[in-house]
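# Working through the structure, step by step
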Amino acid sequence: MGTIYTLRCRRCGHEFQRRYGVGFNGQGTLYCDRCGKARAVDFGGGWELPPACECGGTFDADALGRCPQCGTMLSKEDIDYDQEFLCWD
């Protein structure tokens, strides 16, 4: 089961939600570890990582992408664990 976290950008303070992990249906989102571009992935039944991003980075299950307001690359330290989070399938 995936989780939707509330993130707060450490640079501009913007709050938004981001999916992390894979739902029961095998759907997930990977983010480029260099530019933050999102790529939807179907992990159901024999999946492969998508090809390298156009920027030369790689799509990573642990990357969280960039802040949609200021573009700062995000990390797990930006997740606000004090906020209520949602689970998704």
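Residues numbered from 1 in each chain as written. Predicted model: local features only at pLDDT ≥ 70, side-chain atom pairs only at ≥ 80, totals over all residues. Heavy atoms only, no water.

## Side note on the pattern of salt bridges
Condition: The salt bridge definition used is simple: a Lys or Arg side-chain nitrogen within 4 Å of an Asp or Glu carboxyl oxygen. Only protein chains enter the accessibility calculation, which uses a 1.4 Å probe; a residue is then buried when its area is under 20% of its type maximum, exposed when over 50%, and partly exposed in between. Starting at the N terminus, helices and strands are each numbered in turn, a helix being any DSSP run of H or I of at least four residues and a strand any DSSP run of E of at least two.
Overall, the coordinates contain three salt bridges when judged by the stated rule. Note that R8 and E15 form a salt bridge whose closest N and O atoms lie 2.7 Å from each other. The class for E15 is partly exposed, based on a relative accessible area of 36%. Note that R39 is salt-bridged to E54, the shortest N-O span being 4.0 Å. Of the two residues, R39 is situated in strand β4 (residues 38-42) and E54 in the loop between β4 and β5 (59-60); the sequence distance between them amounts to 15 residues. In this structure R39 comes out as partly exposed when scored by relative accessible area, which is 24%. Taken together, the salt bridges that share partners define one network made up of K37, R39 and E54.

## Here we look at the environment of G71
Mapped onto the elements of the fold, G71 is located in the loop between β5 and β6 (86-88). Look at G71 and you get partly exposed, because its relative accessible area is 24%.

## Digging into the sheet that holds strand β3 (residues 27-32)
The cut-off we apply is this: Strand pairing requires that DSSP identify at least two bridges connecting the strands.
Strands sit in the order β4-β3-β5 across an open sheet of three strands; the sheet is antiparallel. The sheet is open, and its two borders are formed by β4 and β5, each paired with just one other strand. As defined by bridge partners, β3 adjoins β5 across two bridges and the pair is classed as antiparallel. From the neighbouring strand, C32 faces β5, where its bridge partner is F59.

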